[in-house]
Amino acid sequence: MTTALAPEAATTLDAPPRSAHAGAIALLRQMEAVRDPKIARWRDLEAFIAPFSSNVRRLTQASEPAEDILDETIHYCRGTFKAFLGSAMTNPSRRWREWALAEKGLASESAGAKKWIYELNDRASTLHAQSNFYETMGWVYGEWPVFSTAVVLIEEDEADVFRYVPWEIGSYAIADDEKGEPLALSRRFTMTVRQIVRRFGTRANGMIDLTPFSGHIRELLRSKKWEAPVEVAHLICPNETPRPGSKLGKHLPIASYYWEWGRNEAESGPGGFLAHEGYHEWPAMVFRWARLSGDPWGTDAPGCQTLGAVKSAQLMESDILTMVEKQHKPSLVVPTGMVNISMLPAAVNKVDTVRGQQVGPLYQTLPGGIEQARNSQDRVAERIYSLWYTRLILAANARDSFSGSQGSSQPRTAEEIRQIGAERLQILGPVVQAAAPALRMGSEREFAIMARRGLLPPAPPEIEGQPLTIEYTSELAVAMRATGLSGLYEHGMRTAEMFRLTNAQEILDRTDWSEWAQETGERTGLPPNVLRTDDAVAAIVKAR
C-alpha cells in the first residue's frame, strides 16, 4: 500500500505524526488539486450536453448561467446511446454476467458444479433486481459517455443487501496506485441535518447519540432545523494499520472517514470525524472511458469528442432563428410623417400616396440564405450522430429496414438485418472492454457481501478451493466473442451442401461436429446448462 495516501502518515520522515483528521483533510485537498483543472471542461459538457442531469455548476459554485438549449440533436443522440447501453450491456431481462469456474476440467463439468454455478448466478441476478442496481446503471450510461468518468459506491444494505450510490461528477476526486487501479476516493457533498442524524447519530435502539456532532449541528438540532444543509466530506483510502480478524470497521483493510467540512478537529466529534468506518474490500465501481498514462480520470468519450460540434449546432440554431425573424419581421424604414402608423393586421393607415410615402424594409435578406444555413447545420448534426453512433444503433430499426436507395420499398431480408445487428454490436463491442474493470470491481464486492451474509449456495466437494472467473454474457459481450463465428457457420453450411451433392461420408468425417456445436454454442452465449458435458455425450453415444 502507498503510505503517502494514509491520513495518519507524517509529512516528512522526521516530522511528528499528524492526526488522522488533519491527514484526511490534507489528502482530500491533494486529490482535489489534481481534479480541479478539469472542472472548467466539465462545466462546458454539462451546459451543452447534460444540463438537466448533472450538477457540476452547483457543486463547484459556478456563477455563470447555463447555456440555453436551442438545438436538441445532442439530447436525442445521448438518450439513444443511453438506452442502447442499458439494453445491450446490463439488460435486466437477461443474464449479462455470470460467474464460472476458472479452471476447465472434470470438476467444472460435473453436474454438481453446474448446479452450483447456476444457483449462484440466479441468486446474484435476483439481488440485482431487488436493489437499485438497474436504476443506477441507467444513470451511469447517461453520465459516463459525457464526462468520460463515473463512480458508483456499493454499500451493504440491511433490506436489499446491495445499495448503489452514484457520485456526481465534480463532487469527488480519484487517486490511482502504480498499476492505474483506483486506490482512494474523496467526496464533498451536502446532507440535511435529518439525514446526518439518521446516518451517524441513531443507535440500534432508536436513541440519538450527539457525540459525533459538532456544536454547529447540535445548535441546528436544538432549533429543529431538520432540513438545513450541511457540507460533509468522505474519504476512502487504504488503512495503514488494519487488524485482521477484528470486526470493528476502523480496523478493516479499506478505511472510510466522514467529517463535517469546515469544522476543525476540536469542535467536532471524537477524532474530528462523524464516523470512522471501513470496508473489507474495494467498495466502488469506477468507470473510465479511455485512459491516459498517469491520469486517474477518463477521457475521449463521445461527449468530449462532440463538444465543439454541439456548441456549433447551438450557435447555428441561434443564427437561423435570427435570420427567420429578420426575414419575417424586418427592420422598417418609416417616413417622418408616418410616426403613428399601425403594423397590426387589418389596420387602416391614411397616407399621402402622391408624395410616395410608404413603409418598407430596411434591407433585403438573401434568397436561400436560411436553406444554406440549415444545410450547414445538418452537416454538423451528422458529425454528432456519427460520434454518438446514433445511425449505427438505429440501423436495424423498422424505419431503416429497407434496402436499396432512399425511399425504396424493398424490405431487407432477415439475414441482412442480422448482419447489420452483428456489425453494430461488433463496432460498439469495445465499450464492454472499457466498462469491464468497473464491473469487475462491482462483481468482486457483491460476491464478498453475499459470502459474508451466507447467501452463497453450498459448494459441492469437487469445487472446493477452485477460483472463480467472471464472464460477461450481455448482447455486446457475446457479439465480441462471436468474431469468427461467421466462419464456423459458413463451414457448416458449405459442408452440408457438399454432402448433399456428393453423398460422400468422408466430407462429414473431416469435422468434429460435437466440438463444432460446442464452440458455436459457447460463442453465441448459450447458458452452460443447455450444452451437455463430454461425459453425457459419451453416455448417449454408447447407449445407441
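Residues numbered from 1 in each chain as written. Predicted model: local features only at pLDDT ≥ 70, side-chain atom pairs only at ≥ 80, totals over all residues. Heavy atoms only, no water.

K.L.:
Explain helix 11 (residues 369-387) to me, using residue names and the numbers behind them.
P.N.:
Its 19 residues give helix 11 an end-to-end C-alpha distance of 28 Å, which sits within 8% of 27 Å, the value for a rise of 1.5 Å per residue. Listing the buried residues of helix 11 in full gives Gly-369, Ala-373, Gln-377, Val-380, Ala-381, Ile-384 and Tyr-385. Down the axis of helix 11, the smallest arc covering the buried residues is 150 degrees, so these residues share one side. Those residues of helix 11 that are exposed and angled more than 90 degrees off the buried face are Glu-371, Gln-372 and Arg-379. (Helix = DSSP H or I, 4+ residues; strand = E, 2+ residues; numbered from the N terminus. Expected span 1.5 Å × (residues − 1). Buried < 20%, exposed > 50% of the residue type's maximum accessible area, 1.4 Å probe, protein only. Arc of directions from axis to C-beta.)

K.L.:
Any details on the sheet that holds strand 3 (residues 161-167)? Residues and values, ideally.
P.N.:
Taken in spatial order, the three strands of this open sheet run 3-2-9, and their pairing is antiparallel. Of all the strands in the sheet, the pair left with one neighbour each is strand 3 and strand 9 (284-288). Put simply, the sheet's adjacent strands are angled 20 degrees from each other on average, direction ignored. On top of the sheet, helix 7 (residues 133-147) reaches strand 2 (149-157), strand 3 and strand 9; it is set at about 160 degrees to strand 2, its chief contact. Along the sheet face, helix 14 (residues 430-452) touches strand 2, strand 3 and strand 9 and points at about 175 degrees away from the line of strand 9. (Pairing = 2+ DSSP bridges. Axes fitted to C-alpha atoms, helices over the stretch in contact; angles between N-to-C directions. Contact = heavy atoms within 4.5 Å.)

K.L.:
If you had to explain the nonpolar core to someone new, which residues and values would you point to?
P.N.:
Core analysis: the largest hydrophobic core is formed by 114 residues, its most contacted members being Ile-49, Trp-144, Ile-196, Trp-259 and Phe-287. Take this core: its biggest share by element is nine residues, from helix 14. (Core = buried A, V, L, I, M, F, W, Y, C linked by side-chain atoms within 4.5 Å.)

K.L.:
Tell me what's going on with the pairing of strand 5 (residues 182-192), and back it up with residues and numbers.
P.N.:
With nine of 11 residues buried, strand 5 is to be regarded as a mostly interior element. Note: strand 4 (residues 172-176) against strand 5, five bridges, orientation antiparallel. Bridge pairing in strand 5 links Tyr-172 to Arg-187. Here strand 4 hands over to strand 5 after five residues, with Gly-180 in that stretch at a positive phi of 85 degrees. Pairing analysis gives eight bridges linking strand 5 to strand 6 (residues 229-238), with the strands arranged antiparallel. Looking at strand 6, one finds that Phe-189 is bridged to Val-232.

K.L.:
Lay out the layout of surface pockets in plain terms, naming residues and giving numbers.
P.N.:
Roughly 500 Å³ of internal volume is contained in the second largest pocket. Along the wall of the second largest pocket there are 18 residues; nearest its centre are Glu-155, Glu-156, Gly-278, Tyr-279 and Arg-445. For the lining of the second largest pocket, the secondary-structure elements that each account for two or more residues are strand 2, strand 8 (275-279) and helix 14. Residues that form the lining of the second largest pocket fall into these classes: two nonpolar, five polar and 11 charged. (1 Å grid on protein atoms, 1.4 Å probe; cavity = no way out; pocket = protein on both sides within 12 Å on 5 of 7 lines; lining within 4 Å. Points joined across faces, edges and corners; volume = space filled by probe spheres on them. Nonpolar A, V, L, I, M, F, W, Y, C, P; charged D, E, K, R; others polar.)

K.L.:
Can you break down the packing of aromatic side chains residue by residue, with the values?
P.N.:
Each aromatic ring pair is specified by the distance between its two centres and by the angle formed by the two planes. Enumeration over the complete set of coordinates arrives at 18 aromatic pairs. Centre to centre, the rings of Trp-167 and Tyr-172 are 6.2 Å apart; their planes meet at 50 degrees, and the pair counts as tilted. Judged on exposure class, the residue Trp-167 and its partner Tyr-172 are both buried. Put simply, the rings of Phe-81, Trp-144, Phe-287, Trp-289, Trp-388 and Tyr-389 pair up and form one aromatic cluster. (Phe/Tyr/Trp six-rings, centres within 6.5 Å; stacked < 30°, edge-to-face > 60°.)

K.L.:
So what's going on with the packing of helix 6 (residues 111-130) against helix 14? Residues and values would help.
P.N.:
Contact pair helix 6 / helix 14: the axes reach a minimum separation of 12 Å and the direction vectors enclose 100 degrees. In terms of orientation, helix 6 lies roughly perpendicular with respect to helix 14. When helix 6 is examined against helix 14, the residues Leu-120, Arg-123, Ala-124, Leu-127 and His-128 are found in contact with a partner set consisting of Glu-446, Phe-447 and Met-450. Of the residues belonging to the contact of helix 6 with helix 14, the class tally is five nonpolar, one polar and two charged. (Parallel < 35°, antiparallel > 145°, perpendicular 65-115°, else oblique.)

K.L.:
How would you summarise a nonpolar patch on the surface if you had to cite specific residues and measurements?
P.N.:
Among the surface-exposed residues, Leu-332, Val-334 and Met-343 lie close enough to one another that they form a single nonpolar patch of about 260 Å² accessible area. Along the chain, the position of Val-334 falls in the loop between strand 10 (332-333) and strand 11 (360-361). In this structure Val-334 comes out as partly exposed when scored by relative accessible area, which is 37%. (Patch = residues over 30% accessible without salt bridge, like charges linked within 9 Å, V, L, I, M, F, W, Y side chains within 5 Å. Areas by Shrake-Rupley, 256 points an atom, 1.4 Å probe, with all protein chains shown as cover. Salt bridge = Lys/Arg side-chain N within 4 Å of Asp/Glu carboxyl O.)

K.L.:
Outline the sheet that holds strand 8, listing residues and values.
P.N.:
Ordered in space as 4-5-6-7-8, the five strands form an open sheet in which the pairing is antiparallel. A strand with exactly one partner marks an edge of an open sheet, and here the two such strands are strand 4 and strand 8. Going from strand to strand, the sheet's axes swing by 20 degrees on average, the running direction of each strand aside.

K.L.:
Account for the pattern of salt bridges, with residues named and values stated.
P.N.:
Tallied over the entire structure, the rule returns 28 salt bridges. Across the salt bridge formed by Glu-277 and Arg-199, the nearest N and O atoms sit 2.9 Å from each other. Remark: Arg-199 occurs in helix 8 (residues 193-200) and Glu-277 occurs in strand 8; sequence separation between them is 78 residues. Look at the salt bridges and you will find they share partners, linking Glu-156, Glu-158, Glu-281, Arg-445, Arg-452 and Arg-453 into a network.

K.L.:
Can you lay out the environment of Phe-447 for me, pointing to particular residues and giving the numbers?
P.N.:
Among the secondary structure elements, Phe-447 is positioned in helix 14. Along the primary structure Phe-447 and Trp-99 are separated by 348 residues, whereas in three dimensions their C-alpha atoms are 9.6 Å apart. Sequence-distant contacts of Phe-447, defined by excluding residues within four places in its chain, comprise Trp-99, Leu-120, Leu-456 and Leu-468.

Everything listed is a geometric property; what it means functionally is a separate question.
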